[in-house]
Amino acid sequence: MTSPLFEIDALEVAVEDKQIVNGLSLTLEPGEVHAIMGPNGSGKSTLANSLMGHPRYTIAGGDIRLQGTSVVDMPPDERARAGLFLAFQYPTDIPGVSMINFLRRAISARRGEEIPVREYRQLLNEVLGRLQMDEQFVRRYVNDGFSGGEKKRAEILQLGLLQPLVAVMDETDSGLDIDALRIVSEGINTFHSDDNAILLITHYQRILRYVQPDHVHVLIDGQIVESGDASLAERLERDGYEPFMERTKAEVLSS
Amino acid sequence: MTTATLDAPSESDIKPDDLRAEVEALSRSKSEPDWLLAFRLASLEQALGMEWWTGQEESWRRTPRDRLPRRARVTDFRASVHNANGRVTRVPQHAFTPHAHSGLIHKYHGDIVATDIAEQAEADGIIVKPLSEAALEHPELVQQWLGAVGQPLDRYDAFGRAIWTQGVFIYAPRGVVLDESLFYLVTQDTAAGDHWHYTLVVAERESQLSLIDAGDADDRRADLDESPLIHASVELIAEDGAQLQFASVQRWHRQTAALSTTRGRVGRDASIRVTTAAFGADLDKQRIDLDLSQNGGFAEIRGLFVGDGKQHIEHVTRQHHKGVGATSDLLIRGVLTDESQAVQYGLIRIEPEGQKTSAHQTMRNLLLDDGAGADPIPMLEIEADDVKCSHAAAVGPVDPDQLFYLQARGIPPKVAERMVVRGFLAEIADGVPDEHMREVIDELVEIQLEPARSNS
Ligand SMILES: Nc1ncnc2c1ncn2[C@@H]1O[C@H](COP(=O)(O)OP(=O)(O)OP(=O)(O)O)[C@@H](O)[C@H]1O
Ligand SMILES: [Mg+2]
């Protein structure tokens, strides 16, 4: 039997000695889209960053496996080259480093060999065009002075260029206007195939109308408290997290 | 006294009478006019009457003074192994040889080995000449501007005006605008010992000139018995409405103690922009002093450095405002690896007349290793009440979030660090007026980072 594409197995994550993710398990098969929804501070970004290996987050227990291989001991760059991708909630600006130089290095790293200049230009123009981004955009410094929406678009640009196996998208839909949301969603859909999987972190059901999830999970206090199909997102939109919070409280009290 | 240990072990061989005789012989050998000899001798007397330092001065307190020779000698370049019997045998390729220029002058073995000037620049009356020669051919100009920036700042600066073997005179007549930069290439004769450079740059009213002063060494691998001292006195004059850019890049022999004094006088609505990049010397101390006594002037100081080993890199600057509505800006960015150290002592001084001044300072130091350190000290002395001033100083490691972002895209940590560092310095390098020069600086940054990083 082949192993699943991506497995999060009883994962526990701590930040500065405070445990934020409490035994979370999730399995992504090729071709799947999973959505994670949860209130502010429930641990969504902590989960996302720890999957990518941010040094500030400590894995206190459990495992993360990509194609059956544990990645917890891999540094972030190795995870990325293996096919893991994180679209950041707040992309970091790096003044002085141009997008065009950065993207070329990133693609070359992911491929394990230098991408030829001509192929790079072609690929870049194609993906830029798809996202309706100006060519001049890549002359700018990485995320430096980008508007909120431009930053999110730049993350999708990278998704399209790097072709990861598993893409974790941390609130990529936040801060986008209506047109941008559609364009970004199309970018995600163009990327998505039967060979890769997406973990979409969001607060809003809006994006799920474009990028249709196979599974929706509710995250509260670093745990998945409910999983379902796309209709769960509609329920959340209507009723909020209150019912689930009540339940976790009750569970905590009874344990 | 605790500062005593910082001082050089002994006062070395200053013999006033010998020096006077040597300076006179030097000047005569170049057939310099009497007034130039008089200028040298007067400067020499000033120097002889001064102390090197007491160690209490703000501008000297933080310098590892034990690494700075207290020495003033007229160098005998004929004794150098690179200069057999007083004949220049071979001029080594200079790392900064430009692709294009409006004028070029190259100094080696204490004298000028090449000069070149573009046709147009020559027709426009641009002067790029050895100072002794300019003094003979354009006495009225040289005499007018020699030492016009003011009294020497200290003993080194005073000696600097006296004992140079050959200086350089750069001049742009009124209204002339140069399209390409002028280049002053200096090759350090490592076997010869100390070098004293004297450079006088004058931009007449409404003219525009940019000068790139680039230092390289003829033998960077030589193992020297004694640390050479390189002192450069640079005097920049921008008359009313003129725009003068001066970029200095050096990679001297690693055992060198390099000291420079760059002074600028900014005329009414004129500008002086100074960019420096320090790479080579063991100790590099730059004094940059820009005087804005006229209304509406603009002065800019940009400094970039990458330190490794035990290098000490120091900037002592003054933005001196007296004119109304003048602007000045200082931006220093450095990267320190291994056990290298940096000091920035930057003073903004605004006299009571200096109303509507806008003066700013930013000093940022990136520390890449635990042993590295930096001490940025912005100072404000403000006597006018209607001014805008700001200062910011920072010392710290590379931002871990920036590193993580790059790593999350598959870029290995060492490469990511270098990208961030080069980006950090790019903002300064981008201000250098010549594209080829920017590329060279970028390469030097890379070279300087390479060995230091691969050790760890
Ligand atoms: N570096 C940190 N230091 C201290 N606490 C942290 C750190 N990072 C996260 N936390 C805490 O962990 C908890 C979860 O934060 P996280 O950012 O993962 O939430 P989130 O679900 O992504 O929220 P949002 O919807 O607002 O983005 C919060 O209480 C937060 O304050
Ligand atoms: Mg978050």
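So, a few notes on the structure that sits alongside this text. (Residues numbered from 1 in each chain as written. Chains lettered and ligands numbered in written order. Predicted model: local features only at pLDDT ≥ 70, side-chain atom pairs only at ≥ 80, totals over all residues. Heavy atoms only, no water.)

Digging into the overall build of chain A
Reasoning step 1: Counting secondary structure elements, chain A contains nine helices and 12 strands.
Reasoning step 2: In terms of overall size, chain A behaves like a compact globule, its C-alpha atoms giving a radius of gyration of 18 Å where 255 residues would be expected to give roughly 18 Å.
Reasoning step 3: Dimensions of chain A, computed from C-alpha atoms along their principal axes, come out at roughly 65 × 40 × 40 Å.
Reasoning step 4: Within chain A, the fraction of its 255 residues that count as buried is 54%.
Reasoning step 5: Of all intrachain contacts in chain A linking residues separated by at least 6 positions in sequence, the fraction that spans at least 24 positions is 68%.
Reasoning step 6: Averaging the locations of the 25 positively and 39 negatively charged side chains of chain A gives two centres separated by 6 Å. (Helix = DSSP H or I, 4+ residues; strand = E, 2+ residues; numbered from the N terminus. Rg over C-alpha atoms; globule rule 2.2 N^0.38 Å. Buried < 20%, exposed > 50% of the residue type's maximum accessible area, 1.4 Å probe, protein only. Contact = heavy atoms within 4.5 Å. Lys, Arg positive; Asp, Glu negative; His and termini not counted. Charge placed at Lys NZ, Arg CZ, Asp CG, Glu CD.)

Here's the deal with the nonpolar core
Reasoning step 1: The biggest cluster of nonpolar side chains holds 124 residues, and the ones touching the most others in it are M99(A), F102(A), L157(A) and I188(A).
Reasoning step 2: Excluding anything up to four places from it in sequence, I188(A) contacts I156(A), L159(A), M169(A), I198(A), L200(A), I207(A) and V211(A).
Reasoning step 3: Counting 48 residues, the second largest nonpolar core, distinct from the first, contains A203(B), I230(B), I301(B) and I313(B). (Core = buried A, V, L, I, M, F, W, Y, C linked by side-chain atoms within 4.5 Å.)

A closer look at the coordination of the magnesium ion (ligand 2)
Reasoning step 1: Taken together, the protein ligands of the magnesium ion (ligand 2) are S45(A) (OG) and Q89(A) (OE1), with distances of 2.0 to 2.1 Å. A residue pair is termed long-range when its members are at least 10 positions apart, and S45(A) in helix α1 (residues 44–52) and Q89(A) in the loop between β6 (84–87) and β7 (94–98) qualify at 44 residues. (Donors = N, O, S within 2.8 Å, 3.2 Å for Na, K, Ca; no water.)

A few points about the pairing of strand β8 (residues 229–238) of chain B
Residues and elements named next belong to chain B.
Reasoning step 1: With respect to burial, β8 is a largely interior element, 10 of its 10 residues being buried.
Reasoning step 2: Neither face of β8 is left uncovered, since the one carrying L229, H231, S233, E235 and I237 and the one carrying I230, A232, V234, L236 and A238 both have all their residues buried.
Reasoning step 3: By the bridge criterion, nine bridges tie strand β6 (residues 195–203) to β8 in an arrangement that is parallel. Directly across from W196, in β8, lies its bridge partner H231.
Reasoning step 4: When β8 meets strand β10 (residues 257–266), the two strands line up parallel, connected through 10 bridges. Within β10, the residue paired with A232 across the bridge is S260. (Pairing = 2+ DSSP bridges.)

Remarks on the packing of helix α2 (residues 34–48) of chain B against helix α7 (residues 155–162) of chain B
Residue and element names in this part refer to chain B.
Reasoning step 1: One way to put it is that α2 packs onto α7 with a least axis distance of 7 Å and a crossing angle of 155 degrees. The angle between α2 and α7 falls in the class roughly antiparallel. With respect to the hand of their crossing, α2 and α7 are arranged in left-handed fashion. Between α2 and α7, the residues in contact are F39, R40, S43, L44, Q46, A47 and L48 and R155, A158, F159, R161 and A162, respectively. (Axes fitted to C-alpha atoms, helices over the stretch in contact; angles between N-to-C directions. Parallel < 35°, antiparallel > 145°, perpendicular 65-115°, else oblique. Left-handed = near helix turned anticlockwise from the far one by under 90°.)

Quick notes on the layout of surface pockets
Reasoning step 1: Looking at the largest pocket, its volume works out to about 500 Å³.
Reasoning step 2: Listing elements by their share of the lining of the largest pocket, those giving two or more residues are β7 and α3 (99–111) of chain A together with α9 (413–429) and α10 (435–455) of chain B.
Reasoning step 3: Element by element, the count of residues in the lining of the largest pocket is highest for α9(B), at eight residues.
Reasoning step 4: Here the residues of the lining of the largest pocket are counted per class, giving nine nonpolar, four polar and nine charged. (1 Å grid on protein atoms, 1.4 Å probe; cavity = no way out; pocket = protein on both sides within 12 Å on 5 of 7 lines; lining within 4 Å. Points joined across faces, edges and corners; volume = space filled by probe spheres on them. Nonpolar A, V, L, I, M, F, W, Y, C, P; charged D, E, K, R; others polar.)

As for the sheet that holds strand β12 (residues 283–292) of chain B
All names here are of chain B.
Reasoning step 1: Strands sit in the order β3-β4-β6-β8-β10-β12-β14-β16-β18 across an open sheet of nine strands; the sheet is mixed. Here the strands that pair on one side only, and so sit at the sheet edges, are β3 (127–130) and β18 (373–382). Along the sheet, successive strands turn relative to each other by an average axial angle of 10 degrees, direction set aside.
Reasoning step 2: The sheet strands contacting α7 are β6, β8, β10 and β12, and the helix crosses β8 at an angle near 80 degrees.

Here's the deal with the interface of chain A and chain B
Reasoning step 1: Contact residues are listed per partner, giving 31 residues for chain A and 19 residues for chain B.
Reasoning step 2: Buried surface at the junction of chain A and chain B, both sides included, amounts to about 2000 Å², of which 65% is carbon and sulfur.
Reasoning step 3: Taken as a group, D77(A), I94(A) and R105(A) account for 24% of the area that chain A buries against chain B, more than any other trio of residues on that side.
Reasoning step 4: Where chain A touches chain B, the interface holds 12 residue pairs in polar contact (both at pLDDT 80 or more).
Reasoning step 5: Elements with a contribution of two residues or more to the side of chain A that touches chain B: α1, α2 (76–82), β6, β7, α3, β8 (141–142) and α5 (148–162) of chain A. (Buried area = accessible area lost by both parts, 1.4 Å probe. Polar contact = N/O pair within 3.5 Å; in protein donor to acceptor, adjacent residues only side chain to side chain.)

A closer look at the site of ligand 1
Residue and element names in this part refer to chain A.
Reasoning step 1: Taken together, 17 residues surround ligand 1, and among them G41, K44, S45, T46 and H203 come closest.
Reasoning step 2: One of the backbone nitrogen or oxygen atoms of S42 is found 3.2 Å away from an oxygen atom of ligand 1.
Reasoning step 3: Between an oxygen atom of ligand 1 and a side-chain N or O atom of Q89, the distance comes to 3.1 Å.
Reasoning step 4: Within the complex, the protein chains bury 69% of what would otherwise be the 630 Å² of accessible surface of ligand 1.
Reasoning step 5: Secondary-structure elements contributing two or more residues to the shell around ligand 1 are β2 (18–28) and α1. (Near = heavy atom within 4 Å. Areas by Shrake-Rupley, 256 points an atom, 1.4 Å probe, with all protein chains shown as cover.)

Here's the deal with the sheet that holds strand β4 (residues 57–66) of chain A
Residue and element names in this part refer to chain A.
Reasoning step 1: The strand order across the open sheet formed by four strands is β2-β1-β4-β5, and the pairing between neighbours is antiparallel. Edge positions in the sheet fall to β2 and β5 (69–70), since each of these pairs with one other strand and no more.
Reasoning step 2: Relative to strand β1 (residues 6–15), α1 is tilted by about 110 degrees, and along the sheet it contacts β1, β2 and β4.

Observations regarding α2(B)
All names here are of chain B.
Reasoning step 1: Taking 1.5 Å per residue as the helical rise, α2 with its 15 residues ought to reach 21 Å, and the 21 Å between its terminal C-alpha atoms agrees with that figure.
Reasoning step 2: Along α2, the positions that sit buried rather than exposed are L36, L37, F39, R40, S43, L44, A47 and L48. Angular distribution of buried residues about the axis of α2 spans 165 degrees; they occupy a single face of the element.
Reasoning step 3: Those residues of α2 that are buried lie in contact with α1 (16–29), α5 (131–137), α7 and β6. (Expected span 1.5 Å × (residues − 1). Arc of directions from axis to C-beta.)

Focus: the packing of helix α4 (residues 117–130) of chain A against α5(A)
Residues and elements named next belong to chain A.
Reasoning step 1: At a minimum axis distance of 10 Å, the contact between α4 and α5 shows a crossing angle of 135 degrees. The orientation of α4 relative to α5 falls into the category oblique. Considering only the axes of α4 and α5, their crossing is right-handed. Contacts between α4 and α5 pair L123, L124, V127 and L128 from the former with L157, G160 and L161 from the latter.
Reasoning step 2: Partitioned by chemical class, the residues of the contact of α4 with α5 number six nonpolar, one polar and no charged.

A short note on the environment of L24(A)
All names here are of chain A.
Reasoning step 1: Within the secondary structure, L24 sits in strand β2.
Reasoning step 2: With 12 residues separating them along the chain, L24 and E12 place their C-alpha atoms 6.8 Å apart.
Reasoning step 3: Contacts of L24, omitting those with residues within four sequence positions, involve I8, D9, A10, L11, L47, L219, G222 and I224.

Regarding the environment of V113(B)
Reasoning step 1: Along the chain, V113(B) turns up in strand β2 (residues 111–117).
Reasoning step 2: Separated by 22 residues in sequence, V113(B) and V91(B) place their C-alpha atoms 7.8 Å apart.

Concerning unusual backbone geometry
Reasoning step 1: Although it is not a glycine, E16(A) sits at a positive phi angle of roughly 45 degrees.
Reasoning step 2: Its place among the elements puts E16(A) in the loop between β1 and β2.

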